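Observations on chain architecture
Residue-level listing of the chains:
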Amino acid sequence: MIKLSVKLETLLDRSEKNLGSGIHPVVKESALEMVKRAYEEGIFVQISAGYRSMEEQAKLYGQGRLGYIYDGNNYSDLSKPRVTNAMPGQSYHNYGLAIDYFIVNDDGKNAIWTIDAKWKRVAAIGKSLGFSWGGDWSSFKDYPHLDMTGGLTYSQLKAGTKPRLISKVNGATPPAIQVESEVIVKDTPAKDSGNQTIKSIQRTLNSQYNAKIDVDGSNTKKALIKGFQNELNKQYGAKINVDGIWGPQTKAASPNVREGAKGNITYILQAALYLEGQNPHGIDGIFGSGTEIAVKAFQRVKGIPADGIAGEYTFAKLFG
């Protein structure tokens, strides 16, 4: 009887589910790429954990500890052994910057926890994608653990500093994840309609963000910045003051947005490009080829690398 190997799609589906909704998009992309590359070498790997909430961390820390209280709740569980010394906020999992993995057997039904050549090869693939491996730690060895921290400490992450991670999957940062449930209901302008397009943008900003600007074809940039700041707070927890003023906090929180992205931030990008004389040929919140061409043209005019990806430097030129 021929024994069938587990399908790559099965490993990816399981891994994506275990990564959790709070995982950083670059960490997610890199983790799934690691699964793919290992599979190509005949190694079947699965992600077992990704984002972990503070409450989940408290539950783990409470195992084997008497009377452990977090946020007013008792998480003590003496029926289970201690598994971590990391309290809530002291694990990169709590910030969506860490993953755990394990090997599965050929049919994908059983986990293999032996730290052998295959296990170390997966770690090497992960490191090539930008992860640090817990197996390299000098004191406590955490062999399933990989993290990508951007050089930030727990204290910096607790204070709200956002890591700037660069994907090594294809040499570019992946599209920003935007909240589909909050996509703007757009007052779609006619293409190349001059001030009517700007007025349509203003009506959308007034409706979506209560911008309170006159629909007269002027005073739009500050409203766009306010909308951008609102989205950074909603989607990324940036905790920026929504004042319509471009400053270092807004710049540092700016995501990388590229072809394939959809949502409010893409809409704001398209509107800002239009105001700068670069027509994206559709202000619809969908980053297609027209938007990419407009971004590249704007970048060339401003003397920054014309890669078609709108990141902090492009947004700074648009809004600064």
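Residue numbers here run from 1 along each chain, matching the order of that chain's written sequence. At least 70 in pLDDT is required for a residue's local features to be given in this predicted model, at least 80 for side-chain atom pairs to be given and counted, and no such filter applies to totals for whole chains, interfaces and linings, which use all residues. Where side-chain values are given, they derive from all heavy atoms of the structure, hydrogens and water being excluded.

Re the overall build of the protein chain
Across its full length, the protein chain carries 11 helices and 7 strands. Burial classes: relative accessible area under 20% of the type maximum marks a residue as buried, over 50% as exposed, and values in between as partly exposed (1.4 Å probe, protein chains only). The 320 residues of the protein chain split such that 47% are buried. The contact criterion used is simple: two residues touch if any of their non-hydrogen atoms lie within 4.5 Å. Expressed as a percentage of contacts within the protein chain between residues at least 6 apart in sequence, the contacts between residues at least 24 apart total 56%. Here the accessible surface of atoms and residues is derived via Shrake-Rupley with a 1.4 Å probe, and residues count as covered only by protein chains that are part of the display. When the accessible area of the protein chain is evaluated, it comes to approximately 16000 Å², of which 49% is carbon and sulfur surface. Where helices and strands are cited, they refer to DSSP runs of H or I of at least four residues and of E of at least two residues respectively, numbered from the N terminus.

Observations concerning the side chain of Asp100
Mapped onto the secondary structure, Asp100 falls in strand S4 (residues 98–104). Aside from chain neighbours lying at most four places away, what touches Asp100 is Gln46, Ile47, Ser48, Ala49, Arg52, His93, Pro144 and His145.

Brief notes about the packing of aromatic side chains
Two aromatic rings, drawn from Phe, Tyr or Trp (for Trp, its six-membered ring), form a pair once their centres lie within 6.5 Å of each other, and the interplanar angle then sorts them: stacked below 30 degrees, edge-to-face above 60, tilted otherwise. Within this structure, the stated rule accounts for 13 aromatic pairs. An angle of 40° between the planes, with centres 5.9 Å apart, marks the rings of Trp113 and Trp119 as tilted. Given the relative accessible area of 0%, Trp119 is considered buried. Their ring planes at 50° and their centres at 5.6 Å tell us that Phe228 and Phe319 sit as a pair that is tilted. Taken as a pair, Phe228 in helix H7 (residues 221–236) and Phe319 in helix H11 (residues 312–319) lie far apart in primary sequence, 91 residues in all. On the accessibility criterion, Phe228 (0% relative accessible area) is buried. What makes Phe319 buried here is its relative accessible area of 4%. Taken together, the aromatic side chains of Tyr101, Phe102, Trp113 and Trp119 make up a single cluster linked through ring pairs.

Structural notes on the nonpolar core
Counting residues in hydrophobic clusters, the biggest one holds 39 residues, and the most contacted among them are Val27, Met34, Ile47, Ile99, Tyr101 and Val122. Within the residue set of this core, elements represented by two or more residues are helix H1 (8–19), helix H2 (25–40), strand S1 (45–49), S4 and helix H4 (117–128). To define a nonpolar core, start from buried Ala, Val, Leu, Ile, Met, Phe, Trp, Tyr and Cys residues and group those joined through side-chain atoms within 4.5 Å.

Section: H4
Helix length check: H4, at 12 residues, gives a terminal C-alpha distance of 16 Å against a target of 16 Å (1.5 Å per residue), a fit within 8%. Two N or O atoms count as a polar contact when they lie within 3.5 Å, although within protein this holds only if one can serve as hydrogen donor and the other as acceptor, and sequence-adjacent residues are included solely when both atoms are side-chain atoms. Backbone nitrogen of Lys118 and a side-chain oxygen of the N-cap are separated by 3.2 Å at the start of H4; the cap is Asp116. One or two residues past the end of H4 sits Gly130, with phi positive at roughly 110°. The span you would expect from a helix comes to 1.5 Å times its residue count less one.

Concerning unusual backbone geometry
A negative phi angle is the norm for most residues apart from glycine, just as the trans form is the norm for most peptide bonds. The phi dihedral of Asp71 is positive, around 50°, even though this residue is not glycine. Here the phi dihedral of His281 falls at roughly 55°; this positive angle occurs in a residue that is not glycine. Relative to the assigned elements, His281 resides in the loop between helix H9 (264–275) and helix H10 (289–302).

So, the packing of H2 against H4
Here H2 crosses H4 at 135°, and the two axes come no closer than 9 Å. Relative to H4, the element H2 lies oblique. At the point where H2 passes H4, the crossing takes the right-handed sense. Residues Met34, Arg37 and Ala38 of H2 form the contact with H4, whose own contacting residues are Val122, Ile125, Gly126 and Ser128. Classifying every residue of the contact of H2 with H4 by side-chain character gives 4 nonpolar, 2 polar and 1 charged. Between N-to-C directions, angles span 0 to 180 degrees; the directions come from axes that are lines fitted to C-alpha atoms, helices contributing only their stretch in contact. Here roughly perpendicular refers to angles of 65 to 115 degrees, roughly parallel to angles under 35, roughly antiparallel to angles over 145, and oblique to all remaining angles. Should the near helix be turned counterclockwise from the far one by less than a right angle, the crossing is left-handed, whereas a clockwise turn marks it as right-handed. Only Asp, Glu, Lys and Arg are considered charged, only Ala, Val, Leu, Ile, Met, Phe, Trp, Tyr, Cys and Pro nonpolar, and every remaining residue, Gly among them, polar.

What about the pairing of S4?
Within S4, 7 of the 7 residues are buried, leaving the element largely enclosed by the surrounding structure. Neither face of S4 is exposed, since Ala98, Asp100, Phe102 and Val104 on one face and Ile99, Tyr101 and Ile103 on the opposite face are all buried. As judged from the 4 bridges shared by S1 and S4, these two strands associate in the antiparallel manner. Its bridge partner lying in S4, Gln46 is registered against Phe102. As defined by bridge partners, S4 adjoins strand S7 (residues 145–147) across 3 bridges and the pair is classed as antiparallel. Bridging from a neighbouring strand, Ala98 pairs with Asp147 of S7. Pairing between strands requires that DSSP locate at least two bridges from one strand to the other. Across 2 bridges, S4 lies against strand S5 (residues 111–112) in antiparallel orientation. In the sheet register, Val104 faces S5, and the bridge partner there is Ala111. Counted between consecutive antiparallel strands, the loop separating S4 from S5 contains 6 residues, among which Gly108 sits at a positive phi close to 75°.

Quick look at H11
In terms of burial, H11 is a largely internal element, 6 of the 8 residues being buried. Along H11, the residues classified as buried are Glu312, Thr314, Phe315, Ala316, Leu318 and Phe319.

A few points about the confidence of the model for the protein chain
With 90% of its residues at a pLDDT of at least 70, the protein chain reaches an overall mean of 86. pLDDT is defined as a per-residue confidence score from the predictor, taking values between 0 and 100. Note that pLDDT drops below 50 for residues 171–194; the model gives that stretch 66 contacts with residues more than four away or on any other chain.

Some words on the pattern of salt bridges
Any Lys or Arg side-chain nitrogen found within 4 Å of a carboxyl oxygen on Asp or Glu counts as a salt bridge. Under the defined criterion, the tally for this structure stands at 7 salt bridges. Ionic pairing is found between Asp100 and Arg52, a salt bridge with its closest N-O pair at 3.8 Å. Taken together, the residues Asp100 in strand S4 and Arg52 in the loop between S1 and helix H3 (54–61) connect sequence positions 48 residues apart. A relative accessible area of 14% means that Asp100 is categorised as buried. Classification of Arg52 by relative accessible area gives buried; the value is 14%. Two residues, Asp136 and Lys127, come together in a salt bridge whose shortest N-O distance is 2.9 Å. The class of Lys127 is partly exposed, set by a relative accessible area of 37%.

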